[in-house]
Amino acid sequence: MNDSQADDNDLDKALALLREGELVGIPTETVYGLAADAANPAAVAQIFALKGRPNDHPVIVHIAGSAQLADWAVDIPAAAYALAEAFWPGPLTLILKRKPGVSDAVTGGQDTVGLRAPAHPLTQKLLQRFGGGLAAPSANQFGHVSPTTAAHVRAEFGDALPLVLDGGPCQIGVESTIVGLTSDQPTLLRPGGVAAVDIEAILGKPLIHHQNTATAQVRVSGLLDSHYAPRTPLLTGSYPALCQALSEYDAQRTALILIGDHNDVPTAGLIRSMPDDADDYAQRLYATLRELDDGHFDTLLLELPPADATWLAVNDRLRRAATARL
Ligand code: TXA
Ligand code: MG
């Protein structure tokens, strides 16, 4: 770890704050989280206040591993243990029936609870020492781009957040995959860091793909239409569509975000070439949107990746981040 990253002293501070019911920014392999003691409803309420998030939205409870599943959930199906065995610690969240006593502040008043064991070594250590669960949504203002560095978290909350544990840039860069296991039909509620096909291979059956209905939007806030969004208008489309649009805008005040290299790229205020590998792209997506949002452009024009399974999580986030599709 380099000098800017958290040490044991910072971990001690984080533990003390969490035990006192305060909030701490924590690194995970997906995005940074805004953490509170999940067993302390007043502490969890502070998360919603700081994020400006409606308090009927459930938050994921982060635990050290599958040994703690039964502290939070009941009627845990064998599939949950099989998925935990295969993918934890890692970017997979399981929705299970909540155990009586798990606070409404965490579940948004639903009878289910979301559980995930994150892989980041610092947060693993924190969770093992903490013993309990940490309620943690992504550490961004409601609806804004998720944070993938400690500096992003500080930019979101400033001094209102007493401590951000710096664990370096997130390795995965998009949020966890969420799988609902509360019925006989395992459901993909949000594509993310673990590929749906890999989950299906463990389950031995296909996942039902979540329909983006009005009810569903209330239950999974990440599925609201405008989410993960930069403040500068973001238009997405094919490369030819972007070139056409560029000719109609003030090119110098427009940033172009492309995949790989193109020939004869038109002049623009800034041209950013993104990786053509989906995992590498995901790792850089949010940091790129934040950086270009700070670049004082009028418009961001972004080339859409292929519509295939490897790009499912990236395309999902781009669809929600975009102001419009060209
Ligand atoms: O990778 C991640 O999942 C990150 C890191 C910090 O772990 N967390 C994250 O949290 O993305 P958040 O709150 O930004 O998104 C969690 C999603 C929300 O859409 C929430 O509605 C859904 O999980 N969720 C949590 N508990 C749920 C439940 N019991 N039923 C249905 N959806 C749930
Ligand atoms: Mg979020």
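Before going into details, it helps to say that this report is about the structure given with it. (Residues numbered from 1 in each chain as written. Chains lettered and ligands numbered in written order. Predicted model: local features only at pLDDT ≥ 70, side-chain atom pairs only at ≥ 80, totals over all residues. Heavy atoms only, no water.)

Moving on to the sheet that holds strand S14 (residues 299-303). The five strands lie next to each other as S13-S12-S14-S11-S15, forming an open sheet whose pairing is parallel. Both edges of this open sheet fall to strand S13 (270-274) and strand S15 (324-325), since each of them pairs with a single strand only. Pairing geometry for strand S12 (residues 254-259) and S14, over four bridges, is parallel. Within S14, the position partnered with Ile257 by the bridge is Leu302. Contacts between helix H10 (residues 239-246) and the sheet are confined to strand S11 (234-237), S12 and S14, with S14 contributing the most and set at about 160 degrees to the helix. (Pairing = 2+ DSSP bridges. Helix = DSSP H or I, 4+ residues; strand = E, 2+ residues; numbered from the N terminus. Contact = heavy atoms within 4.5 Å. Axes fitted to C-alpha atoms, helices over the stretch in contact; angles between N-to-C directions.)

Residues in contact with ligand 1 amount to 24 residues; listed here are only the nearest, Thr30, Arg53, His62, Ser176 and Arg190. Here an oxygen atom of ligand 1 and a side-chain polar atom of Arg53 are 2.8 Å apart. One of the side-chain N or O atoms of Thr112 is found 3.0 Å from a nitrogen atom in ligand 1. Surface burial for ligand 1 is 97%, taken as the share of its 680 Å² of free accessible area covered by protein chains. Of all the secondary-structure elements, those providing two or more residues to the shell around ligand 1 are strand S3 (60-62) and strand S6 (112-116). No other element matches the four residues that S6 contributes to the shell around ligand 1. Here the shell around ligand 1 is built from residues that sort into ten nonpolar, nine polar and five charged. (Near = heavy atom within 4 Å. Polar contact = N/O pair within 3.5 Å; in protein donor to acceptor, adjacent residues only side chain to side chain. Areas by Shrake-Rupley, 256 points an atom, 1.4 Å probe, with all protein chains shown as cover. Nonpolar A, V, L, I, M, F, W, Y, C, P; charged D, E, K, R; others polar.)

Taking 1.5 Å of rise per residue, 16 residues should cover 22 Å, and helix H11 (residues 278-293) covers 22 Å from first to last C-alpha, within 8% of that figure. Within H11, the axis deviates most sharply at Leu285, by approximately 40 degrees. Within H11, the full set of buried residues consists of Ala278, Tyr281, Ala282, Leu285, Tyr286, Thr288, Leu289, Arg290, Leu292 and Asp293. The backbone nitrogen of Asp279 lies 3.1 Å from a side-chain oxygen of the residue at the head of H11, namely Asp277. (Expected span 1.5 Å × (residues − 1). Bend = angle between axes of the 7 residues up to and from the residue. Buried < 20%, exposed > 50% of the residue type's maximum accessible area, 1.4 Å probe, protein only.)

With that out of the way, let us pick up a negative patch on the surface. Taken together, the side chains of Asp261, Asp276, Asp277, Asp279 and Asp280 present a region of like negative charge at the surface. Counting through the fold element by element, Asp279 comes out in helix H11. The exposure class assigned to Asp279 is exposed, which follows from its relative accessible area of 60%. (Patch = residues over 30% accessible without salt bridge, like charges linked within 9 Å, V, L, I, M, F, W, Y side chains within 5 Å. Salt bridge = Lys/Arg side-chain N within 4 Å of Asp/Glu carboxyl O. Lys, Arg positive; Asp, Glu negative; His and termini not counted. Charge placed at Lys NZ, Arg CZ, Asp CG, Glu CD.)

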